[in-house]
Amino acid sequence: MIRLKKYISPYLGFIGLTMFIKLLGALLELLIPSLMEVMLDEKVPQEDVRAIWLYGGLMLLCAGGCLFCNILANRMSAKSSGKITRSIRHDLFQKLQSLSAKQMDELTIPSAESRLTSDTYNVNQLLARLQRLGIRAPILLIGGIFMMLTMDPVLALVLIGLLPIIGIVVYFVTKTSVPLYTKQQGVLDRVVRTVQENITGIRVIKALSKTDYEKDRFHQVNSDLTAVDMKAGFITAITNPVSSLTLNLGLTLVVVIGAYRVHSGAILSGVIVAFLQYFTMILNAMLGITRIFVMWSKGEASANRVADVLALPEDLVPLSPAEPEENAPHIEFRDVNFSYTGIGKNIDSLSFKLSHGQTLGILGPTGSGKSTILNLLLRMYDPDSGTVLIDGQDIRTIAPETLKAKFGVVFQNDFMAEGTIADNIRFLRELPDRDLYRAAADAQADFIAEKEGQMQAEVMVRGNNLSGGQKQRLLIARALAANPEILILDDASSALDYQTDSNLRKALRSNYRNTTTVLVAQRISSLRHADLILVLQDGCVIGMGNHEQLMASCSEYRYLAEIQMGDGKEAV
Ligand code: ATP
Ligand code: MG
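Residues numbered from 1 in each chain as written. Chains lettered and ligands numbered in written order. Predicted model: local features only at pLDDT ≥ 70, side-chain atom pairs only at ≥ 80, totals over all residues. Heavy atoms only, no water.

## Looking at the packing of aromatic side chains
To describe a pair of aromatic rings, one takes the distance between the centres and the angle between the planes.
So, step 1. For the coordinates displayed, the defined rule picks out 4 aromatic pairs.
So, step 2. Measuring from centroid to centroid gives 4.8 Å for F333 and F352, while their planes differ by 15°, and the two rings are stacked. Residue F333 is found in strand β1 (residues 331-338), and its partner F352 is found in strand β2 (residues 347-354); the two are separated by 19 residues along the sequence. Accessibility classification places F333 together with F352 in one group, the buried group. (Phe/Tyr/Trp six-rings, centres within 6.5 Å; stacked < 30°, edge-to-face > 60°. Helix = DSSP H or I, 4+ residues; strand = E, 2+ residues; numbered from the N terminus. Buried < 20%, exposed > 50% of the residue type's maximum accessible area, 1.4 Å probe, protein only.)

## Considerations on the site of ligand 1
So, step 1. Within the structure, ligand 1 sits among 14 residues, and T366, K370, S371, T372 and Q412 are positioned closest to it.
So, step 2. A distance of 2.4 Å separates an oxygen atom of ligand 1 from a polar atom in the side chain of T372.
So, step 3. The element contributing the most residues to the shell around ligand 1 is helix α13 (residues 370-377), with 3 residues.
So, step 4. For the shell around ligand 1, a count of residues per class yields 3 nonpolar, 9 polar and 2 charged. (Near = heavy atom within 4 Å. Polar contact = N/O pair within 3.5 Å; in protein donor to acceptor, adjacent residues only side chain to side chain. Nonpolar A, V, L, I, M, F, W, Y, C, P; charged D, E, K, R; others polar.)

## Examining the nonpolar core
For soluble globular proteins, nonpolar side chains are generally found buried alongside one another.
So, step 1. Formed by 45 residues in total, the largest nonpolar core has its most connected members in I425, I448, L474, I476 and Y557.
So, step 2. Setting aside anything within four residues of it in sequence, one finds L474 in contact with M416, I421, I425, F447, I448, V459 and L466.
So, step 3. Among the nonpolar cores identified, the runner-up in size contains 30 residues, and F338, I347, I395 and I398 belong to it. (Core = buried A, V, L, I, M, F, W, Y, C linked by side-chain atoms within 4.5 Å. Contact = heavy atoms within 4.5 Å.)

## What about the sheet that holds β1?
So, step 1. The strand order β2-β1-β4-β5 describes an open sheet built from 4 strands, whose pairing is antiparallel. Both edges of this open sheet fall to β2 and β5 (393-394), since each of them pairs with a single strand only.
So, step 2. Where β1 lies against β2, 5 bridges are found, and the strand directions are antiparallel. Looking at the pairing, E332 lines up with K353 of β2.
So, step 3. Along the sheet, α13 makes contact with β1, β2 and β4 (385-390), crossing β1 at roughly 115°. (Pairing = 2+ DSSP bridges. Axes fitted to C-alpha atoms, helices over the stretch in contact; angles between N-to-C directions.)

## Comments concerning the packing of helix α11 (residues 239-263) against helix α12 (residues 269-310)
Relative placement of two packed helices is described by the angle separating their axes and the distance separating the axes.
So, step 1. Put simply, α11 and α12 touch, their axes get as near as 10 Å, and they point 165° apart. Viewed along their axes, α11 and α12 adopt a mutual orientation that is roughly antiparallel. For the crossing formed where α11 meets α12, the hand is right-handed. Along its contact with α11, which presents T239, N240, S243, T246, L247, G250, L251, V254, V255, G258, A259 and V262, the element α12 presents S269, I272, F275, L276, F279, T280, L283, L287 and T290.
So, step 2. Residues of the contact of α11 with α12, tallied by class, amount to 12 nonpolar, 9 polar and no charged. (Parallel < 35°, antiparallel > 145°, perpendicular 65-115°, else oblique. Left-handed = near helix turned anticlockwise from the far one by under 90°.)

Set out below in structure tokens:
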């Protein structure tokens, strides 16, 4: 909690006031039994009706005042804890946006989601509860004991002797439940992750009849969660029965010992009635304190999980700008090495140059590092060694916004939002309609004209009402719409038929002359016209050059060309 103090300190005054009101309420509550004792033991025997009314009225006033204070303070606590959590959530969301791809890989998306939702909720609950019970419970506990001691020390000491039972239980419960709650959050992350993977891949899972496997997988994480839940539940469940037992034991003792003491004339019978109330109050206060401890262990674990993310350092630190090199190529990779995990290399000593308006084709089997090159170019990750340059400038020296603005990108499995077709092409940028139509035409998205409502036709979540090819065309249109300096297409034409693919390439060649294009494709026909083609295998370049050069020098390329295009000369 202390790690989130920055968020709490602006509200300290307000929280102080809330707790002061709670304190007033608790003091008024403490007065009620002792007023009753005076009424029963002094005023009733005197048959002083006016005094009885007066004391009755005072008790009512105390009860009313206590109710008022509690309602007011509870509302205030809801307000401050709500506001504090809102600003924590706000900052956490922003932090998550700023994390590098590497940090996100380590954190994992489901964990980020649960930190943003259930963890901030736990923090909220802790803050609210601390304000509601943090002062009230200890005051009722100490005040109740004090009042009992002043009324009858002997009877009070008997009852106080019972309190350590609860004390020990509280200690035991908190000690064992704190690690369990931390573990519970971790398992919850795994449940969310499994569900998310399952839902995202539901079609594939069904198509490949993996449903049983997925059910088993979910069953496993579900059982793990149940096991931790049950363990935590079993431990915390000891508290309530033990306290009820202590309460009933105490109440019986008050009546039995009290009766003896009344009989011997040490106390009057009103004291017994007051003691019954005080003892109940004290036990409830102890239970309140237990609840604070349990909430504390949960809230503290969550607060740490939130603070861990907030404390993550900025990963992709911008370097101070340097003078760009003269006559530099548009894009250059200079001896770049990179590994996602530090084990093995995902990109091995990659160097190439690309001039303005040129096209780079990247070809290679799955997992060979094609998308990784694009990730490095977009600075999703920084290389372990070597440099990526644009216009002779190390991309680490370019401001992130400036860098992003250079690119038009279609990723593999790209994102389609719910909204109209126009929304999806515009994608929150300020672009005139003219650009949308131009981009759609270049992306060969003629299907838009046939849709009802055309540009205003609705796209469902994840583009579920579009075919694979239609989705790809819309995504390409989105990448082209802002007339980017560098166009990146990662397997963006795999679902297009040969004719459309060829039309798309023609449109790119004639309408985007100054755009430098990086093209990842499985089909040689898609990139045979590229100025430079990289053939990758396991992160290494095994062939580099244009189509003709590769046909002559790279056996893997030639082999692919032969199986895909017959003799490899056929123009598509
Ligand atoms: P495909 O044709 O299937 O898209 P690719 O050539 O684009 O393949 P990459 O995505 O670049 O392949 O992946 C290269 C290697 O890096 C793979 O072995 C992959 O397992 C690994 N890899 C990719 N992304 C990550 C990541 N976020 N964390 C760890 N390893 C990764
Ligand atoms: Mg890829």
